[in-house]
Amino acid sequence: MIKTDILIIGAGPTGLFAVFEAGLLKLKCHLIDALPQPGGQCSEIYPKKPIYDIPGFPEILAGDLTRNLLEQGKQFEPGFTLGERAETIEKQDDGSFIVTTNKGTKHHAPVVAIAGGLGSFEPRKPGIDGIQDFEDNGVEYIIKDPEFYRNKRVVISGGGDSALDWSIFLADVASEVTLIHRRNEFRGALDSVEKVRDLTQEGKINLITPAEVTELHGEGKLEAVTYVRDGEAARVETDHFIPLFGLSPKLGPIANWGLEIEKNAIKVDNSLNYQTNIPGIFAIGDVNTYPEKLKLILCGFHEATLMCQAAYRIINPGKKYVLKYTTVSGIDGFDGSRKEAPKAVVQAIN
């Protein structure tokens, strides 16, 4: 059983910033996310795309924002359960909650904050006959551990940042990387497109465009794929086929938790603290809805801040918290670190 003060479901920007705000209140956080790494969409879908509306950053790449948020919260030592989806929730007699994932990992906390963005993400699967027969037997939709592909033959399909970035990364890991895309043009970052072009010229990536994978072959385990280009079919021997066509957001099992849902989002009380219809459960970021809601990262940061204040009052009933600016109070990390502004030197004039 993993115990924490605030259990955060979703490790996107809003959930990661909540770690920092909770830490200022001396509250510990643990995060659950179905993706294999923190960052949500920023890490999985568009890590190299710039964001222009983060205060203090005229422009910042989504991946860099994730790294900064992780660094900002690191001193408060958050825990992570990654690659697992929050499945069920049980309210205890004392008002706390036990949340169990699809892999059976149990988490216990007095406060639950749902920061699941647009929900749990499920991979968009290509319409290839029999593809389900090869899932976990040569077909993977998300790369969790690049070392899994060490010295293996890999075929990647897709034309976005994920397909480009993983083709580049695996070029130095796999024995053979083939990238297949149905168009000649890619939708990814320019530097990634240029890097794939360079690696193709160096013979480290076998680039096949415009083409589409149409068949999978193998006895119990994937052995080859067939693709069609210019009306002609060809076959590539491979150990793994990784179609990276993006992720489809779904509210998932959370929709069955008894929360008030409106248009695939969780209704909250925005006049106070973004609490749901169930006391002790909050929803912050893109996953919630209320009048005049804006689905912006900066709004999620604001919602996370007010949620943490409410969580403090639940966890410490009757105890008053006096808000102090970090420029005045400094920051004491759970790891023993201390950050504070330099104090003025007091000197007498004789």
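Data block above holds the structure.
Residues numbered from 1 in each chain as written. Predicted model: local features only at pLDDT ≥ 70, side-chain atom pairs only at ≥ 80, totals over all residues. Heavy atoms only, no water.

(A) Structural view of the overall build of the protein chain. Of regular secondary structure, the protein chain possesses 7 helices and 25 strands. C-alpha atoms of the protein chain, sized along the principal axes, occupy 85 × 60 × 40 Å. Of all intrachain contacts in the protein chain linking residues separated by at least 6 positions in sequence, the fraction that spans at least 24 positions is 58%. On the protein chain, roughly 17,700 Å² of surface is accessible, and the fraction owed to carbon and sulfur atoms is 50%. (Helix = DSSP H or I, 4+ residues; strand = E, 2+ residues; numbered from the N terminus. Contact = heavy atoms within 4.5 Å. Areas by Shrake-Rupley, 256 points an atom, 1.4 Å probe, with all protein chains shown as cover.)

(B) Region of the structure containing the environment of Gly 117. Among the structural elements, Gly 117 can be located in the loop between β10 (111-114) and β11 (120-123). If sequence neighbours within four positions are ignored, Gly 117 has contacts with Asp 286 and Val 287.

(C) Main features of the packing of helix α1 (residues 13-24) against helix α6 (residues 297-315). Relative to each other, α1 and α6 sit at 35°, their axes nearing to 8 Å. For α1 against α6, the interelement crossing comes out right-handed. From α1, Pro 13, Thr 14, Phe 17, Ala 18, Glu 21 and Ala 22 reach across to α6, where they touch Ile 297, Gly 300, Phe 301, Ala 304, Thr 305, Met 307 and Cys 308. Taken together, the residues that form the contact of α1 with α6 break down as 9 nonpolar, 3 polar and 1 charged. (Axes fitted to C-alpha atoms, helices over the stretch in contact; angles between N-to-C directions. Left-handed = near helix turned anticlockwise from the far one by under 90°. Nonpolar A, V, L, I, M, F, W, Y, C, P; charged D, E, K, R; others polar.)

(D) Representation of the packing of aromatic side chains. Tallying each qualifying case throughout the model produces 8 aromatic pairs. For the pair Phe 76 and Phe 334, a centre-to-centre distance of 5.3 Å together with 70° between the ring planes defines the contact as edge-to-face. Highlighted residues: Phe 76 in the loop between α3 (62-73) and β6 (79-82) and Phe 334 in the loop between β24 (331-332) and β25 (338-339), separated in sequence by 258 residues. With relative accessibility at 2%, the residue Phe 76 sits in the buried group. Aromatic side chains Phe 148 and Tyr 149 sit 5.1 Å apart centroid to centroid with 85° between the ring planes, which places their arrangement in the edge-to-face category. (Phe/Tyr/Trp six-rings, centres within 6.5 Å; stacked < 30°, edge-to-face > 60°. Buried < 20%, exposed > 50% of the residue type's maximum accessible area, 1.4 Å probe, protein only.)

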